[in-house]
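In case you want the letters, here they are:
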2 protein chains.
Amino acid sequence: MRKNYVYSFEQGRADGDASMKDLLGGKGANLAEMAKLGLPVPPGFTITTDACKYLLVNDTLPAGLEDEVMEALGTLTRCHGGSLGTTFLVSVRSGAKFSMPGMMDTTLNLGLNDENVEEFAKHTGNPHLAWDCYRRFLEMYGTTVFGIKRKRFLHCIKKLMNRKGITHDWQLEISDLKKLVAQFKQIIEKHGHVVPQDPHEQLWGAIRAVFGSWKSDRAIIYRNMHDIPDDLGTAANIQTMVYGNMNDRSATGVAFTRNPSTGEKGLFGEYLVNAQGEEVVAGIRTPLPVTEAACAAKDLHGHSLEVLLPKAYADLRRYAALLEGHYRDLMDLEFTIMDGVLYMLQCRAGKRTGRAAFTIAHDLVLEGVITEDDGILRVSAMQHEQILHKTIDPSATVEEIATGLPASPGAAVGEIVFSPEEAARLKELGRSVILVRIETSPEDIGGMRAAEGILTQSGGMTSHAALVARGMGKPCVCGVEALEIDYATSSFTVGGARYAAGDTITIDGSGPLVGHVYKGSVPLLKSEPTAEYLALTKWAESRRRLRVRANAETPEEAREARRLGAEGIGLSRTEHMFFGDNRITAVREMILADTTEDRRMALAKLLPMQRDDFKQIFEIMAGLPVTIRLLDPPLHEFLPHDEVGIKNVAWSLGIDVERVRKRVNSLKEFNPMLGFRGVRLAIVFPEIVEMQVRAIFEAAIEAGYSLNGETLLEIMVPLVGFQKEIEQAAIMINRVYLGTCRDDGPIVSYKIGTMIELPRACKVAHQIAQCVEFFSFGTNDLTQTTLGISRDDIKTFLESYLAQGIFDRDPFTSIDVEGVGALMKEAVEAARRVDPHFKLGICGEHGGDEKSILFFEEIGLDYVSCSPPRVPIARLAAAQAAITQGRMTATRARHSALV
Amino acid sequence: MRKNYVYSFEQGRADGDASMKDLLGGKGANLAEMAKLGLPVPPGFTITTDACKYLLVNDTLPAGLEDEVMEALGTLTRCHGGSLGTTFLVSVRSGAKFSMPGMMDTTLNLGLNDENVEEFAKHTGNPHLAWDCYRRFLEMYGTTVFGIKRKRFLHCIKKLMNRKGITHDWQLEISDLKKLVAQFKQIIEKHGHVVPQDPHEQLWGAIRAVFGSWKSDRAIIYRNMHDIPDDLGTAANIQTMVYGNMNDRSATGVAFTRNPSTGEKGLFGEYLVNAQGEEVVAGIRTPLPVTEAACAAKDLHGHSLEVLLPKAYADLRRYAALLEGHYRDLMDLEFTIMDGVLYMLQCRAGKRTGRAAFTIAHDLVLEGVITEDDGILRVSAMQHEQILHKTIDPSATVEEIATGLPASPGAAVGEIVFSPEEAARLKELGRSVILVRIETSPEDIGGMRAAEGILTQSGGMTSHAALVARGMGKPCVCGVEALEIDYATSSFTVGGARYAAGDTITIDGSGPLVGHVYKGSVPLLKSEPTAEYLALTKWAESRRRLRVRANAETPEEAREARRLGAEGIGLSRTEHMFFGDNRITAVREMILADTTEDRRMALAKLLPMQRDDFKQIFEIMAGLPVTIRLLDPPLHEFLPHDEVGIKNVAWSLGIDVERVRKRVNSLKEFNPMLGFRGVRLAIVFPEIVEMQVRAIFEAAIEAGYSLNGETLLEIMVPLVGFQKEIEQAAIMINRVYLGTCRDDGPIVSYKIGTMIELPRACKVAHQIAQCVEFFSFGTNDLTQTTLGISRDDIKTFLESYLAQGIFDRDPFTSIDVEGVGALMKEAVEAARRVDPHFKLGICGEHGGDEKSILFFEEIGLDYVSCSPPRVPIARLAAAQAAITQGRMTATRARHSALV
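Summary of the structure given here. (Residues numbered from 1 in each chain as written. Chains lettered and ligands numbered in written order. Predicted model: local features only at pLDDT ≥ 70, side-chain atom pairs only at ≥ 80, totals over all residues. Heavy atoms only, no water.)

## Quick look at the pairing of strand β15 (residues 433-437) of chain B
Residue and element names in this part refer to chain B. The criterion, for reference: Between buried and exposed lies partly exposed: a residue is buried under 20% and exposed over 50% of the maximum accessible area for its type, with that area taken using a 1.4 Å probe on protein chains only. Secondary structure elements follow DSSP: runs of H or I no shorter than four residues count as helices, runs of E no shorter than two count as strands, and numbering proceeds from the N terminus. The pairing criterion is simple: DSSP has to find at least two bridges between the two strands.
Summarising burial for β15: five of the five residues are buried, a large majority. Residues Val-433, Leu-435 and Arg-437 point to one face of β15 and Ile-434 and Val-436 to the other, with burial holding for every one of them. Relative to β15, strand β14 (residues 411-417) runs parallel, the two being bridged by three bridges. Counted as the bridge partner of Val-417 is Leu-435 from β15. In the sheet, β15 pairs with strand β16 (residues 453-456) via four bridges, with the strands oriented parallel. Within the sheet, the bridge partner assigned to Val-436 lies in β16 and is Leu-455.

Now the structure itself:
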């Protein structure tokens, strides 16, 4: 039979392999790969993503699927003897191309019903196991297939355990489990459902639930956050159950081939004895370290898997090494031990902290596993950003109130909040919060995103909170069991003290061994790079072609930019200098002037201040290029718009209130973004530009900057759309230059350029290029105009657009290649036709975004300019872009050689 | 000597000819042409526009010019004997490529000084002439070269005439003239100037003044209004004076080869006996008709040139016929008669009313002078607009308060204003005004533009007021001598009654013989087309390729569109229908709804209303296509923004004020133009689109519109930028369609299309075109986004941009071909690659602009859509575009055949 929708696997053979992630999802492809490698994988089969996509479009499963599934199930049955439910159970798990931990639905122990549970007990000789599996099955089926809240089931268990005075669910007796089964069936009935008795019917319900979970809100949000396309669909994996809850020689766990937090070599994992897999991930019980060394560090001598189940531990170590070597990367493994025998349930590239990413990539290169280029490509911008995260100032006096697991690195300060909604609300108000939860669940994602950091009472290093926080690059401390959180009173107590919502705390999830919770606001420092980080970024520097500059206007920013390795300033916004206390008055005087004369007088007051601003920047950036942009925003931005502000301005300038009000009104604009700004100001009020340019030249002379033939100074005219605009602006600049320089004085070298931020500028770039020496793409405004979307107003529909897949990503974060990018490409080609060495850069916020940088490399820009903190990230991203671009060019060359 | 800057002419020969307007200006080129034709042109020479351009750029006249001028002057001197000032005088007149009447400076009688005035008197044997010329020279030189206000000189003359009790300046005696000369010199001295005694120095002053006047504010404004480029420069014409003020057998006048108001055949002109040319144009004295028939019609029997100077009249008739035949157009002639002998001073294509333009073009075709194609090309959109002007309702009872000259056709109603400033101010407030002036001058242009119509006390059919009003297509009545205007009290009296500023009057300048002034507001009718108009437009229809539709949303507009020949509706904005009294409440309810359910309930109330709207339009437009655009504007446009409005809405919907305020605030946008609107609304609130589309289909079925395979209905989705947007919108529309049609019901045929109004849409047009059946370019928004200019905010810099030549024209009036046009062209080509017959239209306001239509023809659009009143204009413009495009194609074909 031709394989259409179902791919089988069992130890030693499989229909699929690791390369088939599109079709089988990550989990399915890697199960097949592990099976082929001969690892102990319980037999099973994968239903492809195609079936899911078919269901999503047609609202029904494809014809022929049923036969294929029955065929595959028949093979399992033949291998186990008996039938589904009597001799074996299955798990049904989702598995998309990209890992979406905790986002998708899983059903375990599928196949049991009121009758065959006894047969299964008989078959396994373990009635406790049979009833434990049955109650687990009902709970998961109720949750996954019928959408009943999980806490309804957990509540029953808790009540029962309390009554019996036990602390772990494996202490429940068979009679307890039977009671729970009855109670669970009642809960499900109350919700208007009945779990089918027919194991096959159960199976189809679970399969549909897995496929349907692709469209759940939390899955959609997760995909948006991680830039995962909406049309991939998920696969469903049906696999024979092995039972970590069989007895005390059984366990379930998760392991990484190296430490995913630090990158340190050596197996790193956690496990729970007598438990099933979901308990580890859900963070209900706090698991134990796999290795004895890690247990010892926590004063848990002798509790490690290494000591308790040495044979299984030895197998795990062996398989971990084998898989890391095979996949040439850090692997994240799921395993179950049944009666002392190890089974592998999943392997995938492990999520890791930024620090670990650099260390692992670096170490794998040194180990000869991957090339330097591959090592450079192994770290993402998000990981990079993370490594640059804040740490606690070591000189600070701290008052530690608790410790927990260092689940995600970085330190954060904020007010305590207990609900994700409140976190989001306060964030909107500009406040910093720490989200404190007993444990987190996918519903909390919005709040986690809004928080500076996350603190949980339960859950280990692989709990939901830990995984998600690491992905977000947010500090997180997990499993702080000393906390007693009471949602009802919005407070927690620890060590006898009570902390309420609104109190400030500091958390530090950087580890390596423990995470910390401190009272109050502790001073934070930026992080120090590791040796591995420095080595890897050094390799990267030798690959980089794009120059990286910073957008900076204050001396502090310029210093920071230089410190972080910026190779110049790509955008210095002069108007930000206008807002100083003693300046804004002169600026307003200038705006309120009725005549050119009066305007000139006010500008004369600003001149020395602007000159000082520029002088400082030139001194700091000595030897590196600085691009200064002339006044850009509409003038009304400098005036108050409320009555009190208007009166204050009138009073401080000694003029009539009515006159100020009139001017404020006359400058009001319907669409300020498309208004009287940029070069338009220069054309109508040339005296403003004249003052600015004079200040620039005088400052350059005083600072000894860009003199004697060294051309570092770049003057940039914003919002140009017409050739004549830049012609006239250039005439003004050159005229001021001639008026500023004395015959015997030093010669300031300068270039004149334009921001390219209007579609028209791209269309007439060949004309504009003839008048200037450089372009700097202002991709913020170019995106606004090309897409007709105001960045300030996008929020009303951005979520919908991402959810519906109209945007792959927020176009203000990553460049819209097809629209904005196409216009940029056109302008680049036009400019390079005018002069093959025409200087081209970009200074919008996309300048620090790695996906955009890849595109900028592709179209051959000379430099990107971004905010100073993004400079290191942009530098590495530029190196990665150069490598990727080089490989693409090589691939194309090979292809065309073949044709 | 090679001719660089100076081109001479004299009766029978000339260096230049009529084709050299770029270099010699219109006046200079035509003087050369007339001289070559052997007409009696006083000898002289033209300094080229190149010299002017050189001066404008370099602030100095070009080297070598002085030698060339002296050489040319030497020729004149040799021809007259004696020297400049003693035996002959010269005029110095400007003359640009395009006529700019009254805008530029002129100096007559140049050459006289305190000494040679007596020699000149002796030479001419006419001391009165000599002193009259001298005082005229001083007045003009003072005005032109020194910029002294003309009324300072006129005031002296008036005082003297009053004292002497005379009414005409030619009644002044020699001693009076000498007094005036002394007084004028004092005036000039008081202003800090002295008129040079050296005739050559006088000449250079006048030449510089002519060139300098190119940059005067009024010239700049005139050029902006008439789309004349700023960099053309003007020529200067130096010509031997002939004296219309020599004696009673002398005269000066202006004539048209046909009636420029009606187009009627036969010489049409005015003259003044014993006067110089400027007096006719300036409207100081009211001139007499040239022909006896015209005099007789005014009860001025025997006062015509025909009777008084028959020889000169016969020559004038002869030359007029000769020139019309030569130039194949209506000609505007200036002449002077010196002692009975006719001299020709200027000829140019005559400005004409719209009605005349059609009649003359038609008649010239019938006379075999020009081809039908040329006839069609002879009428401009402005003239066309004019012929469509309003007339007085013949059934109305009117109370005539005065009559005057029918200077510019059309009737207008408005409040009386006496100053151009006030006219502009009231216009801003949305009020209609009639500008009433004693006479107008170039400073009044702004006010004339703001007024509905213009009324003057003095001045003839060729006065400033008349010429400018005709150019603007504004009704104008001139020379209403019965008016006594008193600017001081802002009132005029006529027939014993007093009318003050703010009183309403009606004027009618349509003629043919007299213009009327009526009391109060008289009902107006649209004009009836002439037979010639109908014939010409019928010829045009056979040339037209572009279809012309109208933008219409109300039944009235649809009816008007159909009446005016629209071939369908190209844009029906559904949101305008939302503002009705009973609808806006439901619309607001819909916007304020918190849930989809509530929104659906409010929409259900709107459904029957929208259905009715559409039904009416479909019935009116039966058999013609209608494009309905789905909801476009941001929702906040439907909510009040002031406190009172918010309270009213809350009250009328019975909901909490705070909730309304919150919603109003949450919908507020920084840049509404780039906000939550267009297809974005459809994506986020599909229920709105569903209601609209359901209403459309139900209305089509009820109206029997677009049924049974006749595809007339076009549904248009606005503001699309991404392929997935239109894909999803199309799915919604098609789904509603399936839900609306009953299986056994009639089948509505429809097309789905998009507005192309974002640069991104143009760049991805190949993708969008695959999902729809037509594009309609929304050039208003496409211009806003491509240029980054908000139409509502452009006013702050538009004037500067036009004045400095950055814009040739307001880009919201005429399409920006290089920017917006280039994007359109790209989209057109992409769509036609998808389907060579892909339907393409345009529905922005450029759809009614003739310059834009030429471009739309060039890129091969299928139709334009404009406001109903512009439909006839667009139809003719489309025919002209087809002819022009055909000729360009033919020319290109010839060129490439040669290559």
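Okay, back to it.
## Description of the packing of helix α5 (residues 127-144) of chain B against helix α7 (residues 174-190) of chain B
Residues and elements named next belong to chain B. So the rule is basically this: In this description, a line fitted to the C-alpha atoms serves as the axis of each element, helices being fitted only across the stretch in contact, and the angle between N-to-C directions of two axes falls anywhere from 0 to 180 degrees. Should an angle fall under 35 degrees it is taken as roughly parallel, and over 145 as roughly antiparallel, whereas 65 to 115 is taken as roughly perpendicular and any remaining angle as oblique. Note on convention: near helix rotated counterclockwise from far helix by under a right angle means a left-handed crossing. Clockwise means right-handed. It only takes one pair of heavy atoms within 4.5 Å for two residues to be counted as in contact.
Between α5 and α7, the shortest axis-to-axis distance is 9 Å and the interhelical angle comes to 20°. In terms of their interaxial angle, α5 and α7 are classed as roughly parallel. Every pair of crossing elements has a handedness; the one defined by α5 and α7 is left-handed. Between α5 and α7, the contacting residues are Pro-127, His-128, Trp-131, Asp-132, Tyr-134, Arg-135, Leu-138, Glu-139 and Gly-142 on the first element and Ile-174, Leu-177, Lys-178, Leu-180, Val-181, Phe-184, Lys-185 and Ile-188 on the second.

## Section: empty space enclosed by the protein
Residues and elements named next belong to chain B. So the rule is basically this: The distinction between a cavity and a pocket rests on a 1 Å grid over the protein atoms alone: a 1.4 Å probe fits inside a cavity but cannot get out, while a pocket stays open yet meets protein on both sides within 12 Å along at least five of seven lines, and a residue with an atom within 4 Å of a point counts as lining. Grid points are joined across faces, edges and corners, and a volume is the space filled by probe spheres set on the points. The residue classification treats Ala, Val, Leu, Ile, Met, Phe, Trp, Tyr, Cys and Pro as nonpolar and Asp, Glu, Lys and Arg as charged. All others, Gly included, are polar.
Here the structure, examined in full by the defined rule, presents eight cavities of 30 Å³ or more. What lines the largest cavity is a set of 13 residues, and nearest its centre among them are Arg-93, Met-241, Val-242, Thr-336 and Leu-345. Among the elements of the structure, β4 (90-96) and β6 (234-240) are those that each provide at least two residues to the lining of the largest cavity. The class makeup of the residues in the lining of the largest cavity is four nonpolar, eight polar and one charged.

## Brief notes about the side chain of B:Thr291
All names here are of chain B. Relative to the elements of secondary structure, Thr-291 occurs in the loop between β9 (288-289) and α11 (292-297). A relative accessible area of 13% places Thr-291 in the buried class. Leaving out residues up to four positions away in the same chain, Thr-291 has contacts with Leu-267, Ser-304, Glu-306 and Tyr-313.

## Quick word on the sheet that holds strand β9 (residues 288-289) of chain A
All names here are of chain A. Read from one edge of the open sheet, five strands run β9-β8-β7-β10-β11, paired in antiparallel fashion. With one partner strand each, in any of the chains shown, β9 and β11 (341-349) form the two edges of the open sheet. Here strand β8 (residues 265-273) runs beside β9; their pairing, made up of two bridges, is antiparallel. For Glu-270, the partnering residue across the bridge sits in β9 and is Pro-289.

## Things to note about helix α14 (residues 354-366) of chain B
Residue and element names in this part refer to chain B. The cut-off we apply is this: The span you would expect from a helix comes to 1.5 Å times its residue count less one.
Taking 1.5 Å per residue, 13 residues should reach 18 Å; α14 reaches 18 Å between its end C-alpha atoms and fits that length. Burial runs high along α14: 11 of the 13 residues are buried. Listing the buried residues of α14 in full gives Gly-354, Ala-356, Ala-357, Phe-358, Thr-359, Ile-360, Ala-361, His-362, Asp-363, Leu-364 and Val-365. Looking one or two residues past α14, Gly-368 carries a phi angle of roughly 80°, positive in sign.

## Some remarks on the nonpolar core
Filter applied, for reference: Residues belong to one nonpolar core when they are buried, are Ala, Val, Leu, Ile, Met, Phe, Trp, Tyr or Cys, and are joined through side-chain atoms within 4.5 Å.
Core analysis: the biggest nonpolar cluster contains 242 residues, and A:Leu713 and B:Leu713 have the highest contact counts within it. When sequence neighbours within four positions are dropped, the list of residues in contact with B:Leu713 reads B:Phe618, B:Val626, B:Ile628, B:Ile696, B:Phe697, B:Ala700, B:Tyr705, B:Ser706, B:Val748, B:Ser749, B:Tyr750 and B:Lys751.

## Quick word on the interface of chain B and chain A
Formally: Using a 1.4 Å probe, buried area is obtained as the accessible area two parts lose upon being combined, added over both of them. Whenever Lys or Arg places a side-chain nitrogen within 4 Å of a carboxyl oxygen from Asp or Glu, that contact is recorded as a salt bridge. Any N or O atom pair separated by 3.5 Å or less is treated as a polar contact, with the protein-specific requirement of one donor-capable and one acceptor-capable atom, and with residues adjacent in sequence counted only for side-chain atom pairs.
Chain B puts 46 residues into the contact, and the matching count from chain A is 46 residues. Of the roughly 4300 Å² buried between chain B and chain A, counting both surfaces, carbon and sulfur atoms make up 55%. Looking at the side of chain B facing chain A, the largest losses of area belong to B:Leu674, B:Arg760 and B:Lys763, adding up to 14% of the total buried there. Scanning the region where chain B abuts chain A turns up six salt bridges. Residues B:Glu818 and A:Arg760 are paired through a salt bridge, measuring 3.7 Å at the closest nitrogen-oxygen approach. Counting every contact that joins chain B to chain A gives 30 residue pairs in polar contact (both at pLDDT 80 or more). Where the side of chain B that touches chain A is concerned, the elements lending two or more residues are α26 (679-684), α28 (723-740), α29 (759-763), α31 (779-787), α32 (795-803) and α33 (817-834) of chain B. Per-element tally for the side of chain B that touches chain A: the top contributor is α33(B), with five residues. When the residues that make up the side of chain B that touches chain A are grouped by side-chain class, the tally is 20 nonpolar, 14 polar and 12 charged.

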